[in-house]
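Survey of secondary and tertiary structure
Read off the chains here:
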Amino acid sequence: MTGDDRPTMPPVRLPSDAELARDALAAPLFSRAVKLTRWAREAGDSGIPVGAGGELLAEQLKAAAEHLGLAGEEDAPALAADAWNFAVDTGLLEVEEDGEDEPEEGSGGGDDGGPASDEPVGVARPDEEFTALTGGPGPAPGPDEVLDLWQNGLETVLADAATPSFEDLVGGIENAIGEDGQIDPDAIDLDAMEWDPEEEADFLDSALGNLYLLTAGDPAVAAGTLVPLPVLAASMIVPDGMDEPTDEVLEEVSTAMMRLDDQFRMLEPTGLVEYQPVDEALTREAAEGEGEFDAEMDDEDVSRYGMVRLTPLGLHGTRVRMREAGIDAPAVGDLADAEASALLAALPAYTEDNAQTEIEAWFATRHADSGTVEAARELLAAARGGDEDGPVRRLACQQALALAGPEAEPALREVLDDRQLGGLARVWLAERGAADVPQPDEQMVFWLTVDTIAAQLATVGEPEELHELVSGLVEQHSGFFDKAWQVDHPATGEVLEAMGRVLPDRAAAKAARKAAFKARSRTS
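Residues numbered from 1 in each chain as written. Predicted model: local features only at pLDDT ≥ 70, side-chain atom pairs only at ≥ 80, totals over all residues. Heavy atoms only, no water.

Given a rise of 1.5 Å per residue, 15 residues ought to cover 21 Å, and the 21 Å separating the end C-alpha atoms of helix α4 (residues 76-90) matches this to within 8%. Burial of α4 is extensive: 12 of the 15 residues sit out of reach of the surface. In this fold, the buried residues of α4 make contact with α2 (28-42), β1 (48-50), α3 (58-67), β2 (93-97), β3 (122-126) and α5 (143-161). At the exit of α4 stands Gly91, carrying a positive phi of roughly 95 degrees. (Helix = DSSP H or I, 4+ residues; strand = E, 2+ residues; numbered from the N terminus. Expected span 1.5 Å × (residues − 1). Buried < 20%, exposed > 50% of the residue type's maximum accessible area, 1.4 Å probe, protein only. Contact = heavy atoms within 4.5 Å.)

Structure follows, in structure tokens:
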């Protein structure tokens with residue numbers, strides 16, 4: 001949580017706005033929408049006749065498909081209708097219905113991509129605000145404007161993706177569909193439709209949120225590796241701590257996968273996701289109630305169940321939505337102008353690569369101002385403190401100073417006698433082969449040991465490496481616990497207790513627990 005108790009996401013690395021804008025314009029849906037807006041501009045002041053909600057009429061829909069080079073394709077009408085509606089939803093096109101004084105935005109269209117009525121009720125014309133983008137004169141829109149347009153269109157597609165078709169809604173109602181395959185209106189009880197719009201939207205938001213977390217936390221996914229759809233669905237369905245999912249849970253995972261398959265198919269043309277759909281044979285089996293999800297699959301089997309990732313544009317779009325929802329979703333580079341304390345507080349949530357980029361950006365702003373020495377002094381000052389977050393700050397300070405050049409040396413020498421910072425200063429100087437580095441006294445060695453282990457416990461818990469470190473310390477220092485419990489550090493008791501948990505030698509573990517009790521008694 002941040003200081004204002006907003007949910008906080010881990011930081012993500014994003015391309016520049018210019019690169020993201022190019023990705024948006026290259027996305028199939030946006031690209032086609034721009035082409036159709038230019039086509040509408042060619043119609044002149046008369047505009048393109050449209051039906052209710054701005055949908056294209058049959059004749060215009062056919063012409064639009066031809067203009068997009070889709071003539072002859074089976075799904076050409078649907079693709080053309082989707083592109084047209086996207087142009088209306090983004091604001092590239094303005095719709096003025098007969099009898100209206102002011103143009104308004106909106107979209108519509110039948111479920112099959114065709115118009116619900118072939119009677120014109122108005123006209124659509126390009127919005128003059130975006131003339132340069134759509135074939136007219138004027139200055140080209142900036143990256144921010146392009147991304148705003150794309151985001152507006154994305155919201156409508158997300159809403160559509162979270163809305164099941166009417167056939168899906170009535171499919172579960174008994175006798176709603178007759179023997180001839182047609183829907184019987186008299187058999188439909190609207191109250192019997194099990195559809196919660198908010199729940200559907202939350203389901204899709206959850207999927208995108210989990211993809212965001214996977215991208216932020218896994219360098220392979222961030223670099224472009226696709227996430228298996230079963231993995232994504234399981235992350236949403238399987239309860240934490242359940243090692244062996246029950247048959248009921250696996251059935252829920254399978255159902256979630258098929259829902260996500262439909263939704264990601266709709267979202268891929270926006271550029272939000274890169275998606276490899278579920279194998280059509282598996283889709284048919286699921287529709288017929290024959291397919292069963294197998295938790296034990298090899299890589300080839302997993303790929304048949306679909307693979308997905310957020311594109312860089314999708315990462316940007318999801319981040320925008322999160323921030324609008326009040327979630328703190330930082331991006332790498334946000335802290336370039338921040339105070340040292342903010343940088344050190346944030347770094348523990350970063351992956352190694354992202355942390356390096358953030359630190360380098362932070363140092364770069366100081367080079368042009370006060371230089372590396374002053375930057376190092378800022379970091380060291382921010383690392384001080386006897387509070388419970390102090391050890392983690394000092395660990396982050398070490399991480400940041402590792403990227404400082406040799407010109408930072410004076411700042412490190414200034415704190416050699418500092419009880420909290422002298423140890424890390426000596427490590428930094430020794431690693432760079434500096435001369436005349438005084439040996440630390442025993443108190444400083446023990447204090448640094450406690451501080452380092454406390455930082456490890458706070459950031460990564462008790463990994464195997466900690467077991468080895470603790471065992472080595474006890475073996476190298478006779479009477480270690482007789483001295484360790486006296487260390488004047490707020491985390492001494494906690495660290496000794498943790499050592500008691502991880503030491504394999506029973507006698508040493510007992511000595512650690514006894515020392516932890518003495519340390520807590522001394523400070524109580």
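Attention now goes to the sheet that holds β1. Taken in spatial order, the 3 strands make up an open sheet running β1-β3-β2, and their pairing is antiparallel. Strands at the two margins of the open sheet, each flanked by one partner only, are β1 and β2. For this sheet the average axis-to-axis angle between neighbouring strands, irrespective of direction, equals 35 degrees. Alignment of β1 against β3, held across 3 bridges, turns out to be antiparallel. Bridging across to β3, Val50 finds its partner in Gly122. Lying on the sheet, α4 is in contact with β1, β2 and β3; it crosses β2 at an angle near 90 degrees. (Pairing = 2+ DSSP bridges. Axes fitted to C-alpha atoms, helices over the stretch in contact; angles between N-to-C directions.)

Bringing the packing of helix α15 (residues 352-367) against helix α16 (residues 372-383) into the picture now. The interhelical angle for the contact between α15 and α16, taken along N-to-C directions, is 130 degrees, at an axis separation of 8 Å. One element, α15, and the other, α16, form an angle in the oblique class. In this structure, the crossing between α15 and α16 has a hand that is right-handed. Taken together, the residues of α16 that come into contact with α15 (itself represented by Trp362, Phe363, Arg366 and His367) are Thr372, Ala375, Glu378 and Leu379. In the contact of α15 with α16, the residues fall into 4 nonpolar, 2 polar and 2 charged. (Parallel < 35°, antiparallel > 145°, perpendicular 65-115°, else oblique. Left-handed = near helix turned anticlockwise from the far one by under 90°. Nonpolar A, V, L, I, M, F, W, Y, C, P; charged D, E, K, R; others polar.)

Right, let's get into the pattern of salt bridges. A pair can form between side chains of opposite charge whenever their charged atoms are brought close. In this structure the tally under the stated criterion is 23 salt bridges. For Arg393, the salt bridge is made with Asp387, and the minimal N-O distance between the two is 2.9 Å. By relative accessible area, Asp387 is classed as partly exposed at 34%. One salt-bridge network, held together by shared partners, links Glu155, Asp205 and Arg321. (Salt bridge = Lys/Arg side-chain N within 4 Å of Asp/Glu carboxyl O.)

Counting residues in hydrophobic clusters, the biggest one holds 78 residues, and the most contacted among them are Trp84, Leu232 and Phe264. The element contributing the most residues to this core is α4, with 9 residues. Setting aside residues up to four positions removed in sequence, Trp84 forms contacts with Leu36, Trp39, Ala40, Ile48, Val50, Gly54, Glu55, Leu56, Leu93 and Ala124. Core analysis: the second largest hydrophobic core is formed by 33 residues, Ala338, Ala375, Ala411 and Leu416 among them. (Core = buried A, V, L, I, M, F, W, Y, C linked by side-chain atoms within 4.5 Å.)

So, on to the packing of helix α1 (residues 17-26) against helix α13 (residues 312-324). The interhelical angle for the contact between α1 and α13, taken along N-to-C directions, is 105 degrees, at an axis separation of 9 Å. Between α1 and α13, the angle is such that the two are roughly perpendicular. Each of Leu20, Asp23 and Ala24 in α1 lies in contact with α13, whose residues at this interface are Pro312, Leu313 and His316. Looking at the contact of α1 with α13, its residues break down into 4 nonpolar, 1 polar and 1 charged.

Okay, the environment of Gly217 next. Mapped onto the fold, Gly217 is located in helix α7 (residues 197-217). The spatial distance from the C-alpha of Gly217 to the C-alpha of Pro10 is 7.4 Å, given a sequence separation of 207 residues.

This brings us to the sheet that holds strand β4 (residues 227-228). Read from one edge of the open sheet, 3 strands run β4-β6-β5, paired in antiparallel fashion. Each edge of the sheet is formed by a strand with only one pairing partner; in this case those strands are β4 and β5 (273-276). In this sheet, strand β6 (residues 307-310) lies alongside β5 in antiparallel orientation, the contact comprising 4 bridges. Each residue of the ladder has a partner; that of Val273, found in β6, is Leu310.

On to a positive patch on the surface, then. Together, Arg506, Lys510, Arg513, Lys514 and Lys518 make up a region of like positive charge exposed at the surface. For Arg506, the position within the fold is in helix α24 (residues 506-523). Exposure remark for Arg506: the relative accessible area of 74% places this residue in the exposed category. (Patch = residues over 30% accessible without salt bridge, like charges linked within 9 Å, V, L, I, M, F, W, Y side chains within 5 Å. Areas by Shrake-Rupley, 256 points an atom, 1.4 Å probe, with all protein chains shown as cover. Lys, Arg positive; Asp, Glu negative; His and termini not counted. Charge placed at Lys NZ, Arg CZ, Asp CG, Glu CD.)

On to the packing of aromatic side chains. The tally for this structure, following the rule as stated, stands at 6 aromatic pairs. Arranged with centres 5.5 Å apart and planes meeting at 55 degrees, the rings of Phe264 and Tyr275 form a pair that is tilted. Of the two residues, Phe264 sits in helix α10 (residues 247-267) while Tyr275 sits in strand β5, which places them 11 residues apart along the sequence. Of the aromatic side chains, those joined through ring pairs into one cluster are Phe446, Phe480 and Phe481. (Phe/Tyr/Trp six-rings, centres within 6.5 Å; stacked < 30°, edge-to-face > 60°.)

Its identity is not glycine, yet Asp436 carries a phi of approximately 60 degrees, on the positive side. With respect to the helices and strands, the residue Asp436 is situated in the loop between α19 (422-431) and α20 (442-460). On the basis of relative accessibility, which here comes to 70%, the residue Asp436 falls in the exposed class.

Once that is clear, we can look at a negative patch on the surface. On the surface, Asp17, Glu129, Asp144, Glu145 and Asp148 cluster together into a negatively charged patch. Tracing the backbone through its elements, the reader meets Glu145 in helix α5.

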